[in-house]
Amino acid sequence: MADDLRFLVGIDGGGTSCRARLCDQNGRILAEAKTGSANILLGAEVAMASVQEAIATAAAQAGLTYGDFSHLAVGLALAGAEHRKAWYDFMAQPHPYGRMVLNTDGYGACLGAWNGQDGAIFIAGTGSVGILRRGREITVLGGREFPISDQGSGAIMGLRLIQQVLLSVDGIVPQTELVRHVLAHFGQDVDAIVEWSKTARPCDYGQFSPQIFRLSEQNDSLAVALLQQTAADIEMWLNALLTRGADQVCLMGGIGERIAPWLTPAIQRRLAAPQGDAMAGAILIAQGDHNLYPL
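Residues numbered from 1 in each chain as written. Predicted model: local features only at pLDDT ≥ 70, side-chain atom pairs only at ≥ 80, totals over all residues. Heavy atoms only, no water.

A closer look at the overall build of the chain
Consideration 1: Along the backbone of the chain there are 12 helices and 10 strands.
Consideration 2: What you see for the chain is a C-alpha radius of gyration of 20 Å, in line with the 19 Å of a compact globule of 295 residues.
Consideration 3: Reported as C-alpha extents along the three principal axes, the dimensions of the chain are approximately 65 × 40 × 35 Å.
Consideration 4: In the chain, buried positions account for 53% of the 295 residues.
Consideration 5: Of the roughly 13,200 Å² that the chain leaves accessible, carbon and sulfur atoms contribute 50%.
Consideration 6: Within the chain, one finds 21 positive and 29 negative side-chain charges whose respective centroids are separated by 5 Å. (Helix = DSSP H or I, 4+ residues; strand = E, 2+ residues; numbered from the N terminus. Rg over C-alpha atoms; globule rule 2.2 N^0.38 Å. Buried < 20%, exposed > 50% of the residue type's maximum accessible area, 1.4 Å probe, protein only. Areas by Shrake-Rupley, 256 points an atom, 1.4 Å probe, with all protein chains shown as cover. Lys, Arg positive; Asp, Glu negative; His and termini not counted. Charge placed at Lys NZ, Arg CZ, Asp CG, Glu CD.)

What about the sheet that holds strand E4 (residues 72-78)?
Consideration 1: Here 5 strands make up an open sheet; going across it, the order is E3-E2-E1-E4-E5 and the pairing mixed. Sheet topology places strand E3 (29-35) and strand E5 (99-104) at the edges, where each strand pairs with a single neighbour. For this sheet the average axis-to-axis angle between neighbouring strands, irrespective of direction, equals 15 degrees.
Consideration 2: Of the pairings in the sheet, the one linking strand E1 (residues 7-13) to E4 comprises 7 bridges and is parallel in character. Looking at the pairing, Val 9 lines up with Val 74 of E4. (Pairing = 2+ DSSP bridges. Axes fitted to C-alpha atoms, helices over the stretch in contact; angles between N-to-C directions.)

Digging into the pattern of salt bridges
Consideration 1: Within the structure shown, the criterion is met by 9 salt bridges.
Consideration 2: With its nearest N and O atoms 2.6 Å apart, the salt bridge here joins Glu 32 to Arg 21. Of this pair, Glu 32 sits in strand E3 while Arg 21 sits in strand E2 (residues 18-24), placing them 11 residues apart in sequence.
Consideration 3: By relative accessible area, which is 36% here, Glu 32 ends up partly exposed.
Consideration 4: A salt bridge links Arg 28 to Asp 24; its shortest N-O distance comes to 3.1 Å.
Consideration 5: Among the residues examined, Arg 28 registers a relative accessible area of 54% and is labelled exposed. (Salt bridge = Lys/Arg side-chain N within 4 Å of Asp/Glu carboxyl O.)

Some details on the packing of helix H4 (residues 154-169) against helix H8 (residues 209-216)
Consideration 1: Closest axis-to-axis distance for the H4/H8 pair is 9 Å, and the angle between their directions is 70 degrees. In this view, H4 runs roughly perpendicular relative to H8, as classed from their interaxial angle. Across the interface between the two elements, Gly 154, Met 157 and Leu 161 of H4 pack against Ser 209, Ile 212 and Phe 213 of H8.
Consideration 2: Counted by class, the contact of H4 with H8 contains 4 nonpolar, 2 polar and no charged residues. (Parallel < 35°, antiparallel > 145°, perpendicular 65-115°, else oblique. Contact = heavy atoms within 4.5 Å. Nonpolar A, V, L, I, M, F, W, Y, C, P; charged D, E, K, R; others polar.)

Here we look at the side chain of Arg 21
Consideration 1: Here Arg 21 falls in the buried class, since its relative accessible area comes to 11%.
Consideration 2: A polar contact is formed between the side chain of Arg 21 and the side chain of Asp 277, at a distance of 2.8 Å.
Consideration 3: Among residues more than four places away in sequence, those in contact with Arg 21 are Leu 8, Val 9, Gly 10, Ile 29, Ala 31, Glu 32, Asp 277, Met 279, Ala 280 and Ile 283. (Polar contact = N/O pair within 3.5 Å; in protein donor to acceptor, adjacent residues only side chain to side chain.)

Considering the environment of Gln 93
Consideration 1: Following the sequence through the fold, Gln 93 ends up in the loop between helix H2 (84-91) and E5.
Consideration 2: Given a relative accessible area of 15%, Gln 93 falls into the buried group.
Consideration 3: It is 49 Å that separates the C-alpha atoms of Gln 93 and Gln 218, two residues lying 125 residues apart in sequence.
Consideration 4: Among residues more than four places away in sequence, those in contact with Gln 93 are Ala 44, Glu 45 and Met 48.

Re the state of the cysteines
Consideration 1: Enumeration over the complete set of coordinates arrives at 0 disulfides.
Consideration 2: Left unpaired, Cys 18 is separated from the closest cysteine sulfur, that of Cys 203, by 13 Å.
Consideration 3: Among the residues examined, Cys 203 registers a relative accessible area of 16% and is labelled buried. (Disulfide = S-S within 2.5 Å.)

Things to note about H4
Consideration 1: For H4, which comprises 16 residues, the first-to-last C-alpha distance of 23 Å matches the rise-based estimate of 22 Å (1.5 Å per residue) to within 8%.
Consideration 2: Here the buried face of H4 lies against helix H5 (177-185), helix H6 (190-197), helix H7 (202-206), H8, helix H9 (221-243) and helix H10 (253-259).
Consideration 3: At the N-terminal end of H4, a side-chain oxygen is found 3.4 Å from the backbone nitrogen of Ala 155, two or three residues along, and the residue is Ser 153.
Consideration 4: Positive phi shows up at Gly 171, right after H4, with a value of about 75 degrees. (Expected span 1.5 Å × (residues − 1).)

A short note on helix H12 (residues 278-287)
Consideration 1: Most of H12 is tucked away: 7 of the 10 residues are buried.
Consideration 2: Those residues of H12 that fall on the buried side of the exposure criterion are Ala 278, Met 279, Gly 281, Ala 282, Ile 283, Ile 285 and Ala 286.
Consideration 3: For H12, the N-terminal capping position is held by Asp 277, with its side-chain oxygen 3.2 Å away from the main-chain nitrogen of Met 279.

Quick look at the packing of helix H3 (residues 105-113) against H12
Consideration 1: The contact between H3 and H12 brings their axes to 6 Å, and the two run at 95 degrees. With respect to their mutual orientation, H3 and H12 come out roughly perpendicular. Here Tyr 107, Gly 108, Ala 109, Leu 111 and Gly 112 of H3 lie close against H12, whose contacting residues are Ala 278, Ala 280, Gly 281, Ala 282, Leu 284 and Ile 285.
Consideration 2: Residue composition of the contact of H3 with H12, grouped by class: 8 nonpolar, 3 polar and no charged.

Note that all results are geometric; they support no functional claim without further evidence.
Encoded structure:
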C-alpha cells in the first residue's frame with residue numbers, strides 16, 4: 001500500500017445495511033460502524049451516502065478527522081455492483097478517499113470466507129448468490145436480484161409469506177400464529193398490505209425472517225413450510241456449486257447462518273466454516289487489484 005494510504009476501510013453493503021471496518025496498515029481493527037442500505041441498484045447517490053456515513057462514523061470512533069480521509073484506501077463489496085452501468089455511476093461520484101476499489105458483496109464475502117484463497121460460498125441474506133473463485137476465474141450463480149432470482153433469500157421467503165397470508169384471508173390456507181403476526185403488523189388491513197407491496201423493497205420482505213425462524217421452533221406449520229422451501233432452494237444452489245467443482249461451500253448471510261439444521265445431512269457435510277466475513281474480504285479488496293470493471 002502506498003505510504004500516503006495509512007488506513008484500510010472495508011465496506012460490506014447489501015440491501016439491508018452497510019457495514020464498515022477501519023483498520024491500520026497491518027490489519028488491526030480500529031473501529032466498525034453500520035448504516036442503511038448500500039445496494040447500488042437503489043441509486044448510486046443513496047449507496048454512496050450510506051458508505052460515507054459508515055466511514056465517517058467509524059473514523060470518528062477511531063479519532064480520525066475529515067483531513068485523514070485522503071489517507072484511506074477503501075475496499076467496497078456492494079450489492080448490485082455486477083451491473084456495469086450501476087458500477088460506473090457509483091465510481092463516477094466524487095469522494096474524499098485516497099483510493100476506492102469496487103467489487104460485489106458476493107466477491108468480498110468469498111475473499112473473506114477463504115482468506116483470499118480460492119473457494120466457494122453461498123450467501124443467503126436479504127438476497128442470495130453463489131460464487132466459486134479460482135484465481136481470476138469467477139463463477140457466479142444466481143444473484144440476479146429480487147423478485148426474479150434470489151431463491152433461498154429472506155426477501156423471497158418474505159414474499160412467499162405475504163402470498164400465504166393473503167390466501168389465508170381468503171380462507172384457502174389455515175391461519176397460523178405467523179399469519180396473525182403479519183396481519184397485526186399491517187393493522188388487520190389487507191388493503192394496507194396491497195398498498196405496501198407497490199413500493200416494498202427486498203429488505204421490507206426480509207424483515208419477517210426472524211419471526212419465521214422463531215415460530216418454526218414452536219412448530220408453526222407455515223413457518224416450517226417456508227423454511228423447508230428455503231432450505232430446498234439453498235440446497236439447489238449448493239449442489240450447483242459442487243457440480244461446478246467446489247469441494248466445500250461456506251454458507252453465509254443472515255439466513256445462511258441459521259438454515260444449516262434444515263439441510264440434508266449429505267449437504268451439511270459439504271459445508272465449511274468461513275475464515276472471515278465480507279468486511280475482511282473488503283479489506284483485501286482495498287489492498288489489491290480487485291475492481292470489477294476497468295476505470
